[in-house]
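Observations on chain architecture
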Amino acid sequence: AGVHSIGVSYGMLGNNLPSSSDVVQLYRSKGINGMRIYSPNANALNALRNSGIVLVLDTGNGDELSRLAGSASYAASWVQSNVKPYYPAVNIKYIAVGNEVQGSATQSILPAMRNLDGALSRAGLSAIKCSTSVRFDVIANSYPPSAGSFAQGYMADVARYLAGTGAPLLANVYPYFAYRDNPRDISLGYATFQPGTTVRDNGNGLTYTNLFDAMVDAIVAALEKAGAGGVRIVVSESGWPSAGGFGASV
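Below, the structure is looked at part by part.

What counts, and where the lines are drawn
- Residues numbered from 1 in each chain as written.
- Predicted model: local features only at pLDDT ≥ 70, side-chain atom pairs only at ≥ 80, totals over all residues.
- Heavy atoms only, no water.
- Buried < 20%, exposed > 50% of the residue type's maximum accessible area, 1.4 Å probe, protein only.
- Helix = DSSP H or I, 4+ residues; strand = E, 2+ residues; numbered from the N terminus.
- Pairing = 2+ DSSP bridges.
- Axes fitted to C-alpha atoms, helices over the stretch in contact; angles between N-to-C directions.
- Contact = heavy atoms within 4.5 Å.
- Phe/Tyr/Trp six-rings, centres within 6.5 Å; stacked < 30°, edge-to-face > 60°.
- Core = buried A, V, L, I, M, F, W, Y, C linked by side-chain atoms within 4.5 Å.
- Right-handed = clockwise from strand over helix to strand, strands pointing away.

Right, let's talk about the pairing of strand E8 (residues 169-172) for a bit. Burial along E8 is two-sided: Leu169 and Ala171 facing one way and Leu170 and Asn172 facing the other are all buried. Where E8 meets strand E11 (residues 233-237), four bridges bridge the pair, whose relative direction is parallel. Across the sheet, residue leucine 169 finds its bridge partner in E11, namely isoleucine 233.

Once that is clear, we can look at the sheet that holds strand E4 (residues 91-99). A sheet is described by the order of its strands in space; here seven strands give the open sequence E1-E2-E3-E4-E5-E8-E11, paired in parallel fashion. The strands lining the two open edges of the sheet, one partner per strand, are strand E1 (8-10) and E11. With direction set aside, neighbouring strand axes in the sheet form an average angle of 30°. Taken together, the five bridges between strand E3 (residues 54-58) and E4 define a ladder with parallel strand orientation. What sits directly across from leucine 55, in E4, is isoleucine 92. In the packing of helix H9 (residues 211-225) onto the sheet, the strands contacted are E8 and E11, and the crossing angle to E11 comes to about 130°.

As a further point, take the packing of aromatic side chains. This model, assessed by the stated rule, comprises six aromatic pairs. Measuring from centroid to centroid gives 5.8 Å for tyrosine 176 and phenylalanine 177, while their planes differ by 65°, and the two rings are edge-to-face. Judged by centre distance (6.2 Å) and plane angle (25°), the ring pair of tyrosine 179 and tryptophan 240 falls under stacked. Residue tyrosine 179 is found in helix H7 (residues 175-181), and its partner tryptophan 240 is found in the segment after E11; the two are separated by 61 residues along the sequence. Judged by its relative accessible area of 9%, tyrosine 179 is buried.

The biggest cluster of nonpolar side chains holds 71 residues, and the ones touching the most others in it are Met35, Val83, Ile95 and Phe150. At nine residues, H9 tops the list of elements feeding residues into this core. Setting aside chain neighbours within four positions, we find methionine 35 in contact with Val8, Tyr10, Val23, Val24, Tyr27, Leu48, Ile53, Val54, Leu55 and Val56.

Attention now moves to the pairing of E4. The element E4 is extensively covered by neighbouring structure, given that seven of its nine residues are classed as buried. Across four bridges, the pairing between E4 and strand E5 (residues 129-135) is parallel. Bridge pairing in E5 places isoleucine 95 opposite cysteine 130. After leaving E4, the chain enters helix H5 (residues 109-122) and then returns to the sheet as E5, a path that is right-handed.

By themselves, these figures tell us nothing about what the structure is for.
Here's what the structure looks like:
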């Protein structure tokens, strides 16, 4: 499985931010052909028109998620407001139905995806696939990678639903957090793609030279165990703290 494209998540929590059109221009000037935005921001969506940038569009969490889960008509109006006016001039590829949803709200993910997929289909937009973006801690037993399995029952249902629609699972994969939480067993070099560390997984016969690949393969193993081995993985976030932190200089 190769990497098809690399994108950058466009966060808007901050001050003195450049305009959306400047951000899109920056992406284009650097050859960045994928973007994720965390809510249907009209300025960003308008700036993306005819840019050729492939977009992952988040619904947002909280009330939005529960409303989408509870009402097919609300899902239909969401599509009419946030997708229809922009597509296909904006190349929306996936809709992330919730980001790192926790606790009881996880029960809204599957019905919200169903309602949105139905609304997209009725609007003639079934090329756009719904998924959800998960934290890596949905995986239990991530070492060795072949031992990976889903920690919570709802994830197996989500995985099998994605297998049926052909959508990928969106996963936030941060070697940084794994390293920070267990620096005794994980070397900094292994977490930062430096050569010199090899980890053999006798369960799948593979050898890993970096933590990122190992984490992704733990998700692969969990999908297989859930009966959804055909579901692809799109890494929807990763990174290392640019402002500094444990094991990270500014």
